[in-house]
Amino acid sequence: MNEEVVSQTIRGLYEGILDETAWQSGLVRLRDASDSMNASLVEFTPINQRFRVNEIYDQNQELVDAYNGHYQAEDPARTYMRHMDQGDWYIDSRELGQANMMRLPFYREFMYGFRLSSVMACLVERKPSQE
């Protein structure tokens, strides 16, 4: 991705904080700019330590239900979230390495089951009640 595309994409995601309808256009830009199959907004609630898919481009309810119901607890990004600052990126292949990813049930069962291969995430907003 070039810097202008990244800036526009991040700007669109931040606009979603103020205008909930902006999430979808931001997710479309992110998906296209990263040449990805999917883009979603995942919220983390510190009080109950749960991740939850809140918005997803090209809604796949089966994927959302599987993640929210079970696989959110196995998401390896959980370990890295605590150390991220707003605007930081989590890239699973960088943080975990391909060999480690292949060993985790999160990838073997969930990600590959939905024909997904990798996760990139940016911490857009952090508040005491949600991230």
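In short, a report on the structure. (Residues numbered from 1 in each chain as written. Predicted model: local features only at pLDDT ≥ 70, side-chain atom pairs only at ≥ 80, totals over all residues. Heavy atoms only, no water.)

Concerning helix H3 (residues 61-69)
In an α-helix, one turn spans 3.6 residues; hence positions three or four apart end up facing the same way. The complete set of buried residues in H3 reads Leu63, Val64, Tyr67 and Asn68. Taken down its axis, H3 places every buried residue within 115° of arc, on the same side. Residues of H3 that are exposed and angled more than 90 degrees away from the buried face: Glu62 and Gly69. Those residues of H3 that are buried lie in contact with strand E1 (40-45), strand E2 (50-56) and helix H7 (105-111). Two to three positions downstream of the cap, the backbone nitrogen of Glu62 sits 3.2 Å from a side-chain oxygen, assigning the N-cap of H3 to Asn60. (Buried < 20%, exposed > 50% of the residue type's maximum accessible area, 1.4 Å probe, protein only. Helix = DSSP H or I, 4+ residues; strand = E, 2+ residues; numbered from the N terminus. Arc of directions from axis to C-beta. Contact = heavy atoms within 4.5 Å. Polar contact = N/O pair within 3.5 Å; in protein donor to acceptor, adjacent residues only side chain to side chain.)

A few points about the packing of aromatic side chains
Aromatic ring pairs are described here by two measures, namely the spacing of the ring centres and the angle between the planes. According to the stated counting rule, one finds nine aromatic pairs in the structure shown. Ring centres 5.4 Å apart and planes at 40° place the aromatic pair Tyr80 and Tyr90 in the tilted group. Taken as a pair, Tyr80 in helix H4 (residues 77-81) and Tyr90 in strand E3 (residues 89-91) lie far apart in primary sequence, 10 residues in all. An aromatic cluster of three or more residues is present, and its members are Tyr67, Tyr71, Phe106, Tyr107, Phe110, Tyr112 and Phe114. (Phe/Tyr/Trp six-rings, centres within 6.5 Å; stacked < 30°, edge-to-face > 60°.)

A short note on helix H2 (residues 22-33)
Between its first and last C-alpha, H2 extends 16 Å over 12 residues, near the 16 Å set by a 1.5 Å rise per residue. When H2 is considered as a whole, its buried residues turn out to be Ala22, Trp23, Gly26, Leu27, Leu30 and Arg31. Taken down its axis, H2 places every buried residue within 165° of arc, on the same side. Trailing H2 by a residue or two, Asp35 shows a phi angle of about 55°, which is positive. (Expected span 1.5 Å × (residues − 1).)

A short note on unusual backbone geometry
Phi at Gln49 takes a positive value of approximately 55°, unusual for a residue other than glycine. On the accessibility criterion, Gln49 (37% relative accessible area) is partly exposed. In this model, Arg115 sits at a positive phi of 60°, which is unusual for a non-glycine residue. One can find Arg115 in the loop between H7 and strand E4 (120-122). Looking at Arg115, the relative accessible area reads 69%, which means it is exposed.

Some words on the environment of Val64
Inspection of the secondary structure assignment puts Val64 in helix H3. Residue classification places Val64 among the buried positions, given a relative accessible area of 7%. Each C-alpha atom, one on Val64 and one on Ser25, is 19 Å from the other, the two residues being 39 residues apart in sequence. The contact partners of Val64, leaving out residues within four places of it in the chain, are Val53, Ile56 and Gln59.

Let's talk about the pattern of salt bridges
Enumeration according to the criterion identifies four salt bridges in this entry. Its salt-bridge partner being Glu95, residue Arg94 comes within 2.7 Å of it at the nearest N-O pair. For Glu95, a relative accessible area of 27% gives the class partly exposed. Note that Glu131 and Arg126 form a salt bridge whose closest N and O atoms lie 3.1 Å from each other. (Salt bridge = Lys/Arg side-chain N within 4 Å of Asp/Glu carboxyl O.)

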